[in-house]
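Given next are the chains, with one letter for each unit.
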Amino acid sequence: LWQKLYHGGVAAAINNKVNTYAIGLYSDYVGDRYTLTVGSEVAKAQNPGLAVKTIPAGRYAKFSVQGHMVHAVAQAWQEIWQTPLDRSFTGDFEEYQNNEIEQCNINIYVALQKQGDTMDYEKEFERMMATQTELALATVADGGPNVRIVNFYYEPQNKTLYFSTFADNNKV
């Protein structure tokens, strides 16, 4: 996508740009999957043949990084994933303020729950059960960790979680 934006002529063809920044928008989260859309902020959507996405209004945590366009962002996301944030998963985005590959200035905005909102744990549990089929089951055996990936099935009517594993499942 980025190659197409920068080298495929897409960036130059975008009409009504507000600035020269490139935007990478992560949206439509379902489990660990999402849609990535790249482009530019525009004052008016008049770009036939190009998708139009709106960055959701809301609260965002802002992380600013500088460095290699790919490596600095990848490192920043590794740190963000380890940061305890009350994420809403409504639309995170990266704002590339220049196109210097080695010394790019990038702002990463992570969508947060509205202030005062609390996570609906039951709804989040139901979402995870609907989108995942495996989990890591950790126990301690003989003084050491014993971790296996197990399959599960969730029966929402009875609110019952069934696990299956086999002796030859690899430990991780």
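For the structure, check the block above.
Residues numbered from 1 in each chain as written. Predicted model: local features only at pLDDT ≥ 70, side-chain atom pairs only at ≥ 80, totals over all residues. Heavy atoms only, no water.

Participant: Any chance you could explain the pattern of salt bridges here in plain terms?
Facilitator: Two side chains with opposite charge may pair up if their charged atoms get near one another. Going through the model one piece at a time under the given rule, you end up with two salt bridges. In this structure, aspartate 28 and lysine 53 form a salt bridge, with 3.0 Å as the shortest nitrogen-oxygen distance. Taken together, the residues span a long stretch of sequence, with aspartate 28 in strand 1 (residues 22–30) and lysine 53 in the loop between strand 2 (33–39) and strand 3 (59–67) at a distance of 25 residues. For aspartate 28, a relative accessible area of 45% corresponds to the partly exposed category. Overall, the relative accessible area of 37% leaves lysine 53 in the partly exposed class. We note a salt bridge from aspartate 92 to arginine 87, for which the minimum N-O separation is 2.4 Å. Take aspartate 92 and arginine 87: they sit in the same class, and that class is buried. (Salt bridge = Lys/Arg side-chain N within 4 Å of Asp/Glu carboxyl O. Helix = DSSP H or I, 4+ residues; strand = E, 2+ residues; numbered from the N terminus. Buried < 20%, exposed > 50% of the residue type's maximum accessible area, 1.4 Å probe, protein only.)

Participant: Is there a simple way to think about the sheet that holds strand 2 in this case?
Facilitator: Each strand in a sheet pairs with its neighbour through backbone hydrogen bonds, running either in the same direction (parallel) or in the opposite one (antiparallel). If you walk across this open sheet you meet the five strands as 2-1-4-5-3, and the pairing is antiparallel. Edge positions in the sheet fall to strand 2 and strand 3, since each of these pairs with one other strand and no more. Across the sheet, the mean angle separating the axes of adjacent strands is 15 degrees when strand polarity is ignored. Where strand 1 and strand 2 come together, six bridges link them in antiparallel fashion. Counted as the bridge partner of isoleucine 23 is glycine 39 from strand 2. Of the strands in this sheet, strand 1, strand 3, strand 4 (92–96) and strand 5 (104–112) are in contact with helix 3 (residues 71–82), which crosses strand 5 at around 30 degrees. (Pairing = 2+ DSSP bridges. Axes fitted to C-alpha atoms, helices over the stretch in contact; angles between N-to-C directions. Contact = heavy atoms within 4.5 Å.)

Participant: What am I meant to see in the side chain of asparagine 47 here?
Facilitator: Residue position: asparagine 47 is located in the loop between strand 2 and strand 3. Among the residues examined, asparagine 47 registers a relative accessible area of 15% and is labelled buried. Within the structure, the side chain of asparagine 47 is placed 2.5 Å from the backbone nitrogen of asparagine 15, a separation counted as a polar contact. (Polar contact = N/O pair within 3.5 Å; in protein donor to acceptor, adjacent residues only side chain to side chain.)

Participant: How do you make sense of the nonpolar core when you look at a structure like this?
Facilitator: Generally speaking, nonpolar side chains in soluble globular proteins are found buried as a group. By size, the foremost hydrophobic cluster in this structure holds 18 residues, and its most contacted members are Leu5, Val73, Trp77, Tyr96, Ile106 and Ile108. Mapped by element, the contributors of at least two residues to this core are helix 2 (10–13), strand 1, helix 3 and strand 5. Once you skip the residues sitting within four places of it in the chain, isoleucine 108 turns out to touch Ala61, Lys62, Phe63, Val73, Ala76, Trp77, Ile80, Phe93 and Glu94. (Core = buried A, V, L, I, M, F, W, Y, C linked by side-chain atoms within 4.5 Å.)

Participant: Any chance you could explain unusual backbone geometry here in plain terms?
Facilitator: Both trends apply: most residues other than glycine have a negative phi, and most peptide bonds are in trans. For asparagine 16, which is not a glycine, the phi torsion comes out positive at approximately 65 degrees. Within the element layout of this structure, asparagine 16 appears in the loop between helix 2 and strand 1. The class for asparagine 16 is partly exposed, based on a relative accessible area of 32%. The phi dihedral of aspartate 28 is positive, around 55 degrees, even though this residue is not glycine.

Remember, this is a structural readout, not a statement about activity or role.
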